[in-house]
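Structural characterization, general
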Amino acid sequence: MRSRDFSGGLHPTVILWVAVGMLGFAVLPWYGVEDGFFGLSWLFEGYPLDSEFAPALILNLKGEKLWLAPLGLLLATPLLLWGRRKSDPLFGRLLVAIGAAGFAWLLFQGFAIGLRGWQFGWLHSLFGDLDDRQFGMGYGALLVGLAFLFLFSLGLAARGAVGGDVFVVSTIAFVVASVGLFIFMPILQMLANALITEDGTYSLTTFLGKLFSARLWSLDCLAGGSRCGVAWNSLFLAVLVGVLTTVLGLVFALMVTRTGFRYGKLLRALTVLPIITPPFVIGLAIILLFGLSGAVTQTFSELFGIQPTRWIYGLPGLLIAQLLAFTPIAFLVLIGVVEGVSPSMEEAAQTLRANRWQTFWTVSLPLMRPGLANAFLLGFIESMADFGNPLVLGGNFDVLSTEIFFAIVGAQNDEAQAAILALVLLAFTLLAFYAQRFWLGKKSYTTMSGKGDAGVHPELPTGLKRAVYGAAGFWVAFTIFIYATIFYGSFVKLWGVDHSLTFAHYVKAFAVGWNEFGIHWKGSAWSSFWTTLQIALISSPLTAAIGLLTAYLLVRQNFAGKNAFEFGTMLSFAIPGTVIGVSYVIAFNVPPIELTGTGIILVLSFIFRNMPVGVRAGVASMSQIDKSLDESSLTLGANSWQTFRKVVLPLLRPAIVAALVYSFVRAMTAISAIIFLVSARYDMSTSYIVGRVENNEYGIAIAYSAVLIGVMLVVVGLMQLLVGRRNIGRRGQHGDPQSGGWRSNVSLPARNQPAFSGGG
């Protein structure tokens, strides 16, 4: 990105970030306030002189917290660049030094000094007793940290990093810092416990003994034994789920886009149903239908004299539940990829006398490989990390996620064992990640360019079309059956005992009254419902934004450490939510980042847990967009930010919808991570439902789930309307232009449009 070289003053981007840093250092409270991150009561409780709410500058002037003073001096140092051009070598070197030193000192002083003074024994030995302490960082520290981070980025860009592109360098720095603080740091603190023994010492022998135990790697089931190791169970189930969800997702994507199916919108809505359902609710419905006393099991027993069994518990039940839950993820990823395949390429194949089957097999399907690979990877990782379904349906088929949970909260309370299990799970995910990269290779899958493309997709081969209709029809019927059971169960007084219909469950959970203060939300579920909705609406757009920016960096930019960067963004998705939750409690329960019990920790856990969906959906869609579009925009004078916003982003509407929808519904339905992070003030819907299940109040649990499904359907529909669909200028099947939704016209900037640096 090109930037004007200012002279006669200070570069405006430097001024911006110095001002942001000074705002944090001299104006806002340095430490966190008790009423939460968004609370403002501190303005009326002694601010700015009270030490609890004072900015760092006031604290230093009062002779307190003098270790913060170097941060203020470093923030003033960029003034030495007054009058120097960006091309001056000193400009880049000084900003890199200031940014690195400031950010490093901010972290060091935060981790070195805590609630009891020195955090580490060697610091106490070196400097003696410290007669002061400090709490978790707040608004001021956050702004100062951002200022140093972006000054560092501006310095790197000035020195020519990534072609001197300020937007790209700043985005890389922000994503790396965020992933480091909110993924690597807590997980590393958790995994550090893998070497700890019961007496608190470190032992490599104990670690290796647990890592290679028969409980993990036994193959007795192949020799006629009753069980295989937990690791093999998880791997087999994940591969099976990854393959089948990808196939089913492709079936639905083909049915919507390539068969002339008239009810595509209804089918899209139906395929989204499982993803907006709390995970254990599907498992509960399967048990109510196919369990030992289930409706279907008892019906078959009476009709055919078949002895009821517990066949649904274990691999069969888990496979059915995970296919129901994760097929929509594959569909959301693949629908944009299937739509993006260029009809002109398929028409060229038919012109060369290829039949419809040859065209599909040799042209269409290979161009879908990025979507297929990403759909498999997401299905594999989701199965590995799934907690709710194995908890309900696992039976004797033990998997890693539930073993980790019981290792942490069970009678054994063995954090070292949980960390070792997490390492095994991470190794499997890493293997799947590189298998996907190997399968894709270095081939080009570009199908959209700046040239016109008014072709028409050929119909599927007759045999394939029938197979697609058959598979989709069966799965749709089964899905409707499952959800009819859930809906009916919410009105049943007591399932299996009294099937009379009642509204009592809804009334108890969502009763509304009126008093002298106005509307009274007197139902027991309202508090958790409003909290869940608020947290989900805040986290979903942030998740989508960070995910798509990361995808842009991975597909469109080349920089050192790109492979490690990509793996780092997928790491949180590979770790079970139970580990994420516990690691967040360990990392953020004490200074310098003290977030336990707040709403912010829930937002952060959702952002970085669900970010990989936005990344993979963005990578799959962006792989099909020709880089010549970016180059044309840059040639006409736009910078990278303008190109991303006006050219690339409008073509990513399917990926935007996938990221928004998935991150929102996962925030509404997550259980494994937030079960450790909820508090009395911030209770979530799934933790409330789990409490009802534990109290055998199944009717209320199912009724609450039905309400959540209805609310999420409405919100998902609104998101799709707001984002719209991309229009890439192709004819419909009958020669009419495709229409509907918000047109995503791509506009290149005029040649005389001014270009500005990405940093300001």
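Given the structure is predicted, the values throughout are model-derived calculations rather than measurements.

1. Description of a negative patch on the surface
Together, Glu 34, Glu 45, Asp 50 and Glu 52 line one region of the surface with negative charge. Structurally, Glu 34 is set in the loop between helix H1 (12–26) and helix H2 (56–61). Owing to a relative accessible area of 71%, Glu 34 belongs among the exposed residues under this scheme.

2. Topic: a nonpolar patch on the surface
Judged by side-chain polarity, Trp 105, Phe 108, Phe 120, Trp 122, Leu 126 and Phe 127 come together as a nonpolar surface patch covering roughly 650 Å² of accessible area. Elements with a contribution of two residues or more to the nonpolar patch: helix H4 (89–112) and helix H5 (121–127). In terms of residue count, the dominant contributor to the nonpolar patch is H5 (three residues). Assignment of secondary structure puts Trp 105 in helix H4.

3. Here's the deal with the pattern of salt bridges
Throughout the structure, instances matching the rule amount to eight salt bridges. Lys 508 is the salt-bridge partner of Glu 697, the closest N and O atoms lying 3.1 Å from each other. Here Lys 508 lies in helix H22 (residues 504–510) and Glu 697 lies in the loop between helix H30 (685–694) and helix H31 (698–723), a separation of 189 residues in the sequence. Assessed through its relative accessible area of 46%, Lys 508 is described here as partly exposed. One connected set of salt bridges, linked through shared partners, spans Arg 215, Asp 398 and Glu 403.

4. With respect to helix H27 (residues 627–635)
For H27, the complete set of buried residues consists of Leu 629, Asp 630 and Ser 633. What you see down the axis of H27 is that its buried residues fit within an arc of 100 degrees, all on one side. The elements touched by buried residues of H27 are helix H23 (526–556) and helix H28 (640–648). Just downstream of H27 lies Gly 637, where phi reads positive at about 105 degrees.

5. What to know about the environment of Ala 19
Within the element layout of this structure, Ala 19 appears in helix H1. Along the chain, Ala 19 and Leu 75 lie 56 residues apart, while their C-alpha atoms are 8.9 Å from each other.

6. Here's the deal with H1
Over its 15 residues, H1 runs 20 Å from end to end, which matches the ideal 21 Å to within 8%, given 1.5 Å per residue. Tucked into the core, H1 has its buried residues touching H2, helix H3 (69–76), H4 and helix H6 (139–158).

7. Side note on empty space enclosed by the protein
Inspection of every chain in the model, using the stated rule, returns five cavities of 30 Å³ or more. In this structure, the second largest cavity encloses a volume near 60 Å³. Along its surface, the second largest cavity is lined by Phe 252, Leu 270, Thr 271, Pro 274, Thr 327, Pro 328, Trp 475, Val 476 and Thr 479. Those elements that provide at least two residues to the lining of the second largest cavity are helix H11 (264–272), helix H14 (315–340) and helix H21 (462–489). In terms of residue count, H21 provides more of the lining of the second largest cavity than any other element does, three residues in total. Broken down by class, the residue content of the lining of the second largest cavity amounts to six nonpolar, three polar and no charged.

8. Describing the packing of aromatic side chains
Considering all chains together, one arrives at 38 aromatic pairs under this definition. Ring geometry for Phe 559 and Phe 565: centres 5.5 Å apart, planes at 85 degrees, overall edge-to-face. When sorted by exposure, Phe 559 lands in the same class as Phe 565, which is buried. Each member of the aromatic cluster is reached from another via a ring pair, and the members are Phe 510, Trp 521, Trp 526, Phe 529, Trp 530, Tyr 688 and Tyr 704. Here Arg 310 stacks its cationic end above the ring of Tyr 313, 4.5 Å away from the centre of that ring. Just above the ring of Tyr 688 sits the side chain of Arg 692; from NZ or CZ to the centre is 4.6 Å.

9. Digging into the confidence of the model for the protein chain
Per-residue pLDDT for the protein chain has a mean of 82; in total, 89% of the residues score no lower than 70. Low pLDDT, under 50, characterises residues 448–452; the predicted model gives this stretch 11 contacts beyond four residues in sequence or across chains. Contacts of residues 728–760 to residues separated by more than four positions or lying in other chains number 90 contacts, the stretch itself having pLDDT below 50.

10. Observations concerning the side chain of Ser 170
Note that Ser 170 resides in helix H7 (residues 166–191). Here the side chain of Ser 170 touches Val 166 through a polar contact of 2.8 Å, landing on its backbone oxygen. Setting aside residues no more than four positions away along its own chain, Ser 170 makes contact with Phe 150 and Ser 153.

11. Things to note about unusual backbone geometry
In the segment running from Tyr 47 into Pro 48, the intervening peptide bond is cis, with an omega of 5 degrees. You can see Pro 48 is positioned in the loop between H1 and H2. For the bond from Pro 591 to Pro 592, the omega torsion is 10 degrees, close enough to zero to count as cis. Tracing the backbone through its elements, the reader meets Pro 592 in the loop between helix H25 (577–587) and helix H26 (599–622). For Lys 65, which is not glycine, the phi torsion reads 50 degrees and is therefore positive. Position of Lys 65 among the secondary structure elements: in the loop between H2 and H3. Not every positive phi belongs to a glycine, and Val 162 is a case in point at roughly 50 degrees. For Val 162, a relative accessible area of 26% corresponds to the partly exposed category.

12. Overview of the side chain of Ser 605
Structurally, Ser 605 is set in helix H26. On the basis of relative accessibility, which here comes to 3%, the residue Ser 605 falls in the buried class. In terms of polar contacts, Ser 605 uses its side chain to reach the backbone carbonyl oxygen of Leu 602, at 2.8 Å. Among all residues touching Ser 605, those that are not within four sequence positions of it are Tyr 584 and Leu 677.

13. As for the packing of helix H19 (residues 400–409) against helix H20 (residues 415–440)
Relative orientation of the contacting elements H19 and H20 amounts to 160 degrees, with a least axis distance of 8 Å. Classed by the angle they form, the pair H19 and H20 counts as roughly antiparallel. As H19 runs across H20, the sense of the crossing is left-handed. Contacts between H19 and H20 involve Leu 400, Glu 403, Ile 404, Ala 407 and Ile 408 from the first element and Glu 415, Gln 417, Ala 418, Leu 421, Ala 422, Val 424, Leu 425 and Phe 428 from the second.

14. A word on the packing of helix H10 (residues 230–258) against helix H17 (residues 369–385)
Axes are the key here: two packed helices are described by the angle between their axes and the distance separating the axes. H17 packs onto H10 with a crossing angle of 140 degrees between their chain directions and a minimal axis gap of 7 Å. Here H10 lies oblique to H17, going by the angle between them. In this structure, H10 crosses over H17, and the sense of that crossing is right-handed. Here Ser 234, Leu 235, Leu 237, Ala 238, Val 239, Val 241, Gly 242, Val 243, Thr 245, Thr 246 and Leu 250 of H10 lie close against H17, whose contacting residues are Leu 372, Ala 375, Phe 376, Gly 379, Phe 380, Ser 383 and Met 384.

15. Some points on the nonpolar core
Where a protein is soluble and globular, its nonpolar side chains tend to be buried together. One finds Ile 286, Met 368, Ile 482, Tyr 584, Phe 588, Leu 602 and Phe 664 to be the most contacted residues of the largest nonpolar core, which totals 189 residues. A per-element tally of this core places H14 first, with 16 residues. In this structure, Met 368 is in contact with Leu 250, Leu 254, Arg 258, Val 337, Val 338, Val 341 and Phe 360, ignoring residues within four places of it in sequence. Of all hydrophobic cores here, the second largest spans 42 residues; its members include Val 14, Trp 17, Val 20 and Ile 58.

Scoring rules and cut-offs
Residues numbered from 1 in each chain as written. Predicted model: local features only at pLDDT ≥ 70, side-chain atom pairs only at ≥ 80, totals over all residues. Heavy atoms only, no water. Patch = residues over 30% accessible without salt bridge, like charges linked within 9 Å, V, L, I, M, F, W, Y side chains within 5 Å. Areas by Shrake-Rupley, 256 points an atom, 1.4 Å probe, with all protein chains shown as cover. Salt bridge = Lys/Arg side-chain N within 4 Å of Asp/Glu carboxyl O. Lys, Arg positive; Asp, Glu negative; His and termini not counted. Charge placed at Lys NZ, Arg CZ, Asp CG, Glu CD. Helix = DSSP H or I, 4+ residues; strand = E, 2+ residues; numbered from the N terminus. Buried < 20%, exposed > 50% of the residue type's maximum accessible area, 1.4 Å probe, protein only. Arc of directions from axis to C-beta. Contact = heavy atoms within 4.5 Å. Expected span 1.5 Å × (residues − 1). 1 Å grid on protein atoms, 1.4 Å probe; cavity = no way out; pocket = protein on both sides within 12 Å on 5 of 7 lines; lining within 4 Å. Points joined across faces, edges and corners; volume = space filled by probe spheres on them. Nonpolar A, V, L, I, M, F, W, Y, C, P; charged D, E, K, R; others polar. Phe/Tyr/Trp six-rings, centres within 6.5 Å; stacked < 30°, edge-to-face > 60°. Lys NZ or Arg CZ within 6 Å of the ring centre and 35° of its normal. pLDDT = per-residue confidence, 0-100. Polar contact = N/O pair within 3.5 Å; in protein donor to acceptor, adjacent residues only side chain to side chain. Axes fitted to C-alpha atoms, helices over the stretch in contact; angles between N-to-C directions. Parallel < 35°, antiparallel > 145°, perpendicular 65-115°, else oblique. Left-handed = near helix turned anticlockwise from the far one by under 90°. Core = buried A, V, L, I, M, F, W, Y, C linked by side-chain atoms within 4.5 Å.

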